[in-house]
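# Structure assessment
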Amino acid sequence: MHSFHYRNGKLFCEGVSIEALVKEHGTPLYIYSHQTLADHYSKLDQALAPLDHHICFAMKSNSNLAVMRTLANLGSGFDLVSGGELRRVIAAGGDPKKCVFAGVGKTEAEIEYALRKKIYSFNVESEPELIRINKVAARLKVVAPIAVRVNPNVDAHTHAKITTGTYENKFGIQFEHVEAVYARASKLKNLWLRGIQMHIGSQLTNVAPYEEAVNKMLGLVKKLSAKYKFEFFSIGGGIGIVYNPALASGSKEWWSTPQGKKIMTPATYAAKLIPLLKPLGLKILIEPGRFIVGNAGILVTRVEFVKKTGKKNFVVVDAGMNDLIRPTLYESYHEIVPLREARKGAALISSDVVGPVCESSDYFCKDRPLPKVGEGDYLALLSAGAYGFVMATTYNARQLAAEVMVNGKTASVVRERQPYPEIWAGEKIPAWLKK
Ligand SMILES: *Cc1c(COP(=O)(O)O)cnc(C)c1O
């Protein structure tokens, strides 16, 4: 469910015309729906209501301050992966005490900062990291709350670049080693073994891998929890979304669900997992990113040229891989629609939508049947709210796009388009180069 719809042939976000927004703010433009964000958060929150639970939004998927504030206002905590992200939580008005800190490369400075801000837990990815956290905590004369991130070695059946829960991946501690790691951690005086965590991958469209992983974890969690008095078990994030509503069964695209199966919803997720988790009597944490924000954002772009070659119809737009890298990085699908709805039955033209960046990999789709567009028309790339703007760069000296959030009939700029001089702000020409 999301709040981007045609109304009398024009694409709207909630009560605001997108054409009006691009006229005012230009393109490329990210647009977020406040209502969709709140709705997705609440759906998960309600589905998990039978459990003592807490949602930590995986802010790496979208860390715009207004997006984060929306979720913080609803009670969300944050799953973060760097000291910079913790600073963003504070800038957004979030509560560090509701935050978990993941990632394989936490520096001493980051650990110290997180301890000073009293985060809820470090999700620890290796033994050397445990030793480092203990050392920093001892220096600060505090006790550091930790959970070991368990790699349950379960295949999430998702794209290779976003699977994390098998032994091929750099994340977590091998299932068979976890008990011994907790035993050694329990001897480190400045650690508080507060819980245990897992995360098996991203864009999971089926609940089966979660069931498999949770089932695999249950015995271990019970045993360790009895021994160390855990407070929580985090089952990670990864709940998938629909990128292609036409989800043709038998499609070769990796995000499509197996034939005849419906994509997992918060209700199906909860129905399968609550009976497994409830008897543990622990607080259950989840770390969703994409599910909350993915379909709450779009990227709007202007058609600059239509270029026909012998083989192709290239639609050249003003957004590029520097604005939205997912198609390039993960071969991912984004639905592309014009702001003015095409006539029913209008001819479709097989098109490649490409950006202006000087790379062959700068494309949004290839050979996709799209309505005819021309210079000055606008296209919206849907489901661009997660892993969209956060991965933007200034490659080719392109400005970072502007971001707008819509709430009902109100639209607010939540990030200004980057002024050109900011692209090179901080760079210096040494005196010895000046003549
Ligand atoms: C990326 C990540 C998430 C969020 O993944 P989504 O697929 O966006 O829900 C949650 N937990 C950890 C540890 C992650 O690395």
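Residues numbered from 1 in each chain as written. Predicted model: local features only at pLDDT ≥ 70, side-chain atom pairs only at ≥ 80, totals over all residues. Heavy atoms only, no water.

## Some thoughts on the overall build of the protein chain
Short version of the rule: Counting from the N terminus, the helices are DSSP H or I runs at least four residues long and the strands are E runs at least two residues long. The globule rule used for comparison is 2.2 Å times the number of residues to the exponent 0.38, while the radius of gyration itself is calculated over C-alpha atoms. Relative accessibility under 20% of the residue-type maximum defines a buried residue, over 50% an exposed one, and the middle range a partly exposed one, all with a 1.4 Å probe and only protein chains included. Methods summary: accessible areas were calculated by the Shrake-Rupley approach with a probe of 1.4 Å, and residue burial reflects only the protein chains presented. By the counting rule applied here, Lys and Arg register as positive and Asp and Glu as negative, while His and the ends of each chain are not counted. Charge placement uses NZ in Lys and CZ in Arg. For Asp and Glu, CG and CD serve respectively.
Tallying secondary structure elements over the protein chain gives 12 helices and 21 strands in all. A globule of 435 residues ought to have a C-alpha radius of gyration of about 22 Å, and the protein chain, at 23 Å, matches this closely. Dimensions of the protein chain along its principal axes, counting C-alpha atoms only, are 70 × 65 × 40 Å. Relative to its full complement of 435 residues, the protein chain shows a buried share of 54%. As displayed, the protein chain has an accessible area near 19,500 Å², and 54% of this comes from carbon and sulfur atoms. On the protein chain, the mean spot of the 56 positive side-chain charges and the mean spot of the 40 negative ones are 3 Å from each other.

## Some remarks on the pairing of strand S5 (residues 53-58)
Just so we agree on the cut-off: Strand pairing is assigned whenever DSSP detects at least two bridges linking the two strands.
Burial of S5 is extensive: 6 of the 6 residues sit out of reach of the surface. Burial of the side chains of S5 extends over both faces: His53, Ile55 and Phe57 are buried on one face and His54, Cys56 and Ala58 on the other. Pairing of S5 with strand S13 (residues 283-286), which is carried by 3 bridges, proceeds in the parallel orientation. Bridge assignment links Ile55 to a residue of S13, and that residue is Ile286. Pairing of S5 with strand S6 (residues 77-80), which is carried by 3 bridges, proceeds in the parallel orientation. Paired with Ala58 across the two strands is Asp79, which belongs to S6.

## Re the domain arrangement of the protein chain
Threshold: Here the limits of each domain have been adopted from an automatic or database domain assignment.
Split by domain assignment, the protein chain resolves into domain 1 (103-286) and domain 2 (295-419). Once you take the C-alpha centre of each, domain 1 and domain 2 turn out to be 34 Å apart.

## Concerning the sheet that holds strand S3 (residues 16-17)
The antiparallel open sheet is built from 3 strands, whose spatial order is S1-S2-S3. Every interior strand has two partners, whereas the edge strands, strand S1 (4-7) and S3, have only one.

## Thoughts on the site of the ligand
As a reminder, the rule being used: Proximity criterion: a residue is near a molecule or strand once any of its heavy atoms comes within 4 Å of it. Whenever two N or O atoms come within 3.5 Å, that pair is a polar contact, provided that in protein one can donate a hydrogen and the other can accept it, and provided that, for residues adjacent in sequence, both atoms are side-chain atoms. Gly is put with the polar residues, along with every residue not named as nonpolar or charged; the nonpolar set is Ala, Val, Leu, Ile, Met, Phe, Trp, Tyr, Cys and Pro, and the charged set is Asp, Glu, Lys and Arg.
Lining the immediate surroundings of the ligand are 15 residues, of which Lys60, Ser202, Gly238, Glu287 and Tyr387 lie closest. At a separation of 2.8 Å, an oxygen atom of the ligand approaches a polar side-chain atom of Lys60. Separating a nitrogen atom of the ligand from a side-chain N or O atom of Glu287 is a distance of 2.7 Å. Protein coverage of the free-state accessible area of the ligand, which is 380 Å², stands at 94%. Classifying every residue of the shell around the ligand gives 3 nonpolar, 7 polar and 5 charged.

## Here we look at the pattern of salt bridges
Where we set the bar: Salt bridges are defined by distance alone: a side-chain nitrogen of Lys or Arg within 4 Å of a carboxyl oxygen of Asp or Glu.
Counting across every chain of the model gives 18 salt bridges. For Asp39, the salt bridge is made with Lys43, and the minimal N-O distance between the two is 2.9 Å. Of the two residues, Asp39 and Lys43 both sit in helix H2 (residues 34-47), 4 residues apart, roughly one turn of that helix. Overall, Asp39 belongs to the partly exposed group, its relative accessible area being 28%. Between Lys283 and Asp52 there is a salt bridge; the shortest N-O distance is 3.7 Å. Of this pair, Lys283 sits in strand S13 while Asp52 is found in the loop between H2 and S5, placing the two residues 231 residues apart along the sequence.

## Observations regarding a nonpolar patch on the surface
Our working definition: Here the term patch refers to residues with relative accessible area over 30% and no salt bridge, with like charges joined within 9 Å and nonpolar side chains (Val, Leu, Ile, Met, Phe, Trp, Tyr) within 5 Å.
On the surface, a nonpolar cluster with roughly 410 Å² of combined accessible area is contributed by Ile429, Trp432 and Leu433. If you trace the backbone, Leu433 turns up in the segment after helix H12 (420-423). Owing to a relative accessible area of 51%, Leu433 belongs among the exposed residues under this scheme.

## Observations regarding the environment of Ile133
The line we're drawing: Should any heavy atoms of two residues lie within 4.5 Å, those residues are counted as being in contact.
Among the secondary structure elements, Ile133 is positioned in helix H6 (residues 127-140). Residue Ile133 is classed as buried on the basis of its relative accessible area, which comes to 0%. Sequence-wise, Ile133 and Ala114 are 19 residues apart; in three dimensions their C-alpha atoms are separated by 10 Å. Sequence-distant contacts of Ile133, that is, excluding residues within four places in its chain, are made with Ile111, Phe122, Val124, Ala144, Ile146 and Leu191.

## Side note on the pairing of strand S21 (residues 410-415)
Examined bridge by bridge, strand S20 (residues 402-407) and S21 share 5 bridges and lie antiparallel to one another. By the bridge assignment for S21, Asn407 is matched with Thr410. Hairpin geometry of S20 and S21 is characterised by an intervening segment of 2 residues between the two adjacent antiparallel strands and by a positive phi of about 65 degrees at Gly408.

## Considerations on unusual backbone geometry
A cis amide bond, omega -5 degrees, links Thr27 with the succeeding residue Pro28. A positive phi is found at Lys118, a non-glycine position, where the angle reads about 60 degrees. Relative to the assigned elements, Lys118 resides in the loop between helix H5 (108-116) and strand S8 (121-124).

## A closer look at helix H8 (residues 208-228)
Quick reminder of the rule: In a helix, the anticipated span is given by 1.5 Å times the number of residues less one.
Counted at 1.5 Å a residue, the expected span for H8 with its 21 residues is 30 Å, and the 29 Å between its end C-alpha atoms agrees. Listed as buried for H8 are Pro209, Tyr210, Ala213, Val214, Met217, Leu218, Leu220, Val221, Leu224, Ser225 and Tyr228. Buried residues in H8 make contact with strand S9 (144-151), helix H7 (178-185), strand S11 (191-198), strand S12 (232-234) and helix H9 (266-277). Looking one or two residues beyond H8, the residue adopting positive phi is Lys229, at roughly 55 degrees.

## Here's the deal with the packing of H8 against H9
To keep it simple, the criterion reads: Angles here are taken between N-to-C directions and fall from 0 to 180 degrees, while the axes themselves are lines fitted to C-alpha atoms, restricted in helices to the stretch in contact. Here roughly perpendicular refers to angles of 65 to 115 degrees, roughly parallel to angles under 35, roughly antiparallel to angles over 145, and oblique to all remaining angles.
Between H8 and H9, the shortest axis-to-axis distance is 10 Å and the interhelical angle comes to 5 degrees. In terms of their interaxial angle, H8 and H9 are classed as roughly parallel. Contact residues: Tyr210, Glu211, Val214, Asn215 and Leu218 in H8; Tyr269, Lys272, Leu273, Leu276 and Leu277 in H9. Grouping the constituent residues of the contact of H8 with H9 by class yields 7 nonpolar, 1 polar and 2 charged.

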